Amino acid sequence: MNVTGMECVEALTDQEGYLMKLIANETAAHFFPYTIEHRDIRISGLNYEDDSAGNALAAMVKPGVIEFRHHRDFSDQRVREIAARIVASPVGEFASSFSIHYQGRILVQSSS
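Residues numbered from 1 in each chain as written. Predicted model: local features only at pLDDT ≥ 70, side-chain atom pairs only at ≥ 80, totals over all residues. Heavy atoms only, no water.

Q: Pulling in residues and values, what's your account of the overall build of the protein chain?
A: When its secondary structure is counted, the protein chain shows two helices and nine strands. Radius of gyration (C-alpha) of the protein chain: 13 Å, near the 13 Å computed for a compact globule of 112 residues. The principal-axis extents of the C-alpha atoms in the protein chain amount to approximately 35 × 25 × 25 Å. Residues counted as buried form 42% of the 112 residues belonging to the protein chain. Across the protein chain, every contact between residues at least 6 apart in sequence was considered, and the portion connecting residues at least 24 apart equals 50%. On the protein chain, roughly 5800 Å² of surface is accessible, and the fraction owed to carbon and sulfur atoms is 47%. (Helix = DSSP H or I, 4+ residues; strand = E, 2+ residues; numbered from the N terminus. Rg over C-alpha atoms; globule rule 2.2 N^0.38 Å. Buried < 20%, exposed > 50% of the residue type's maximum accessible area, 1.4 Å probe, protein only. Contact = heavy atoms within 4.5 Å. Areas by Shrake-Rupley, 256 points an atom, 1.4 Å probe, with all protein chains shown as cover.)

Q: Tell me about the pattern of salt bridges, and please be specific about residues and values.
A: All chains considered together, the criterion is met by six salt bridges. Note that glutamate 67 and lysine 62 form a salt bridge whose closest N and O atoms lie 3.1 Å from each other. According to the relative accessible area criterion, lysine 62 is partly exposed, its value standing at 33%. The shortest N-O distance in the salt bridge between arginine 105 and aspartate 76 comes to 2.8 Å. In this pair, arginine 105 is assigned in strand 9 (residues 105-108) and aspartate 76 in helix 2 (residues 76-88), connecting sequence segments 29 residues apart. (Salt bridge = Lys/Arg side-chain N within 4 Å of Asp/Glu carboxyl O.)

Q: Got a sec to walk through the side chain of asparagine 25? Specific residues and values, please.
A: Examined against the element boundaries, asparagine 25 turns out to sit in the loop between strand 2 (20-24) and strand 3 (28-33). You can call asparagine 25 buried: its relative accessible area is 5%. Side-chain polar atoms of asparagine 25 contact the backbone oxygen of glycine 45, separated by 2.9 Å. When neighbours within four sequence positions are excluded, asparagine 25 is seen to be in contact with Met1, Gly45, Leu46, Asn55, Ala56, Phe74 and Ile82. (Polar contact = N/O pair within 3.5 Å; in protein donor to acceptor, adjacent residues only side chain to side chain.)

Q: Account for the nonpolar core, naming residues and giving values.
A: One finds Met20, Leu22, Phe31, Val61, Ile66, Phe68 and Ile86 to be the most contacted residues of the largest nonpolar core, which totals 27 residues. When residues of this core are traced back to their parent elements, those giving at least two are helix 1 (6-12), strand 2, strand 3, strand 6 (57-62), strand 7 (65-68), helix 2 and strand 8 (99-102). The dominant element in this core, judged by the number of residues it contributes, is helix 2, at five residues. Excluding residues that lie within four positions of it along the chain, phenylalanine 68 makes contacts with Leu22, Leu57, Ala58, Ala59, Val79, Ala83, Ile86, Ile100, His101, Tyr102 and Gln103. Judged by nonpolar contacts, the second largest core, of eight residues, contains Phe32, Ile41, Ala56 and Ala58. (Core = buried A, V, L, I, M, F, W, Y, C linked by side-chain atoms within 4.5 Å.)

Q: Describe the pairing of strand 8, and please don't skip the residues or the numbers.
A: Two faces belong to every sheet, and in a regular strand the side chains alternate between them. Burial of the side chains of strand 8 extends over both faces: Ser99 and His101 are buried on one face and Ile100 and Tyr102 on the other. With four bridges joining them, strand 7 and strand 8 adopt parallel strand pairing. Paired with isoleucine 66 across the strands is isoleucine 100, a residue of strand 8. Note that the unit made of strand 7, helix 2 and strand 8 has a crossover that is right-handed. (Pairing = 2+ DSSP bridges. Right-handed = clockwise from strand over helix to strand, strands pointing away.)

Q: Pulling in residues and values, what's your account of the environment of valine 91?
A: If you trace the backbone, valine 91 turns up in the loop between helix 2 and strand 8. In this structure, the C-alpha to C-alpha distance between valine 91 and valine 3, residues 88 residues apart in sequence, is 6.3 Å. Those residues within four positions of valine 91 in sequence are excluded, and the remaining contacts are Val3, Thr4, Gly5, Met6, Val9 and Phe31.

Shape descriptors only; they carry no functional weight alone.
Structure below.
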């Protein structure tokens, strides 16, 4: 998986109460500032569009949790697998102990 957005991660995770966004699928993920809309990010292989269009999930990232939004094409297991790939990457490893939420439910409990 190609995970990008290290500049955003490095700039924000040092701040208390940070907030950032993420789009992701099985092949790629990208972290970016919360001031940018998910649908406005254009990364090769990732296409998030409103109303479950596109091939990527949208998420909010804050201390201790990654919250994925509903997408009708992504099952709980698929989201778990994507999240595992993200946090296994050098860019996403800061979130390796975070809870993973999907559609308001906890899929992976925090390990800290």
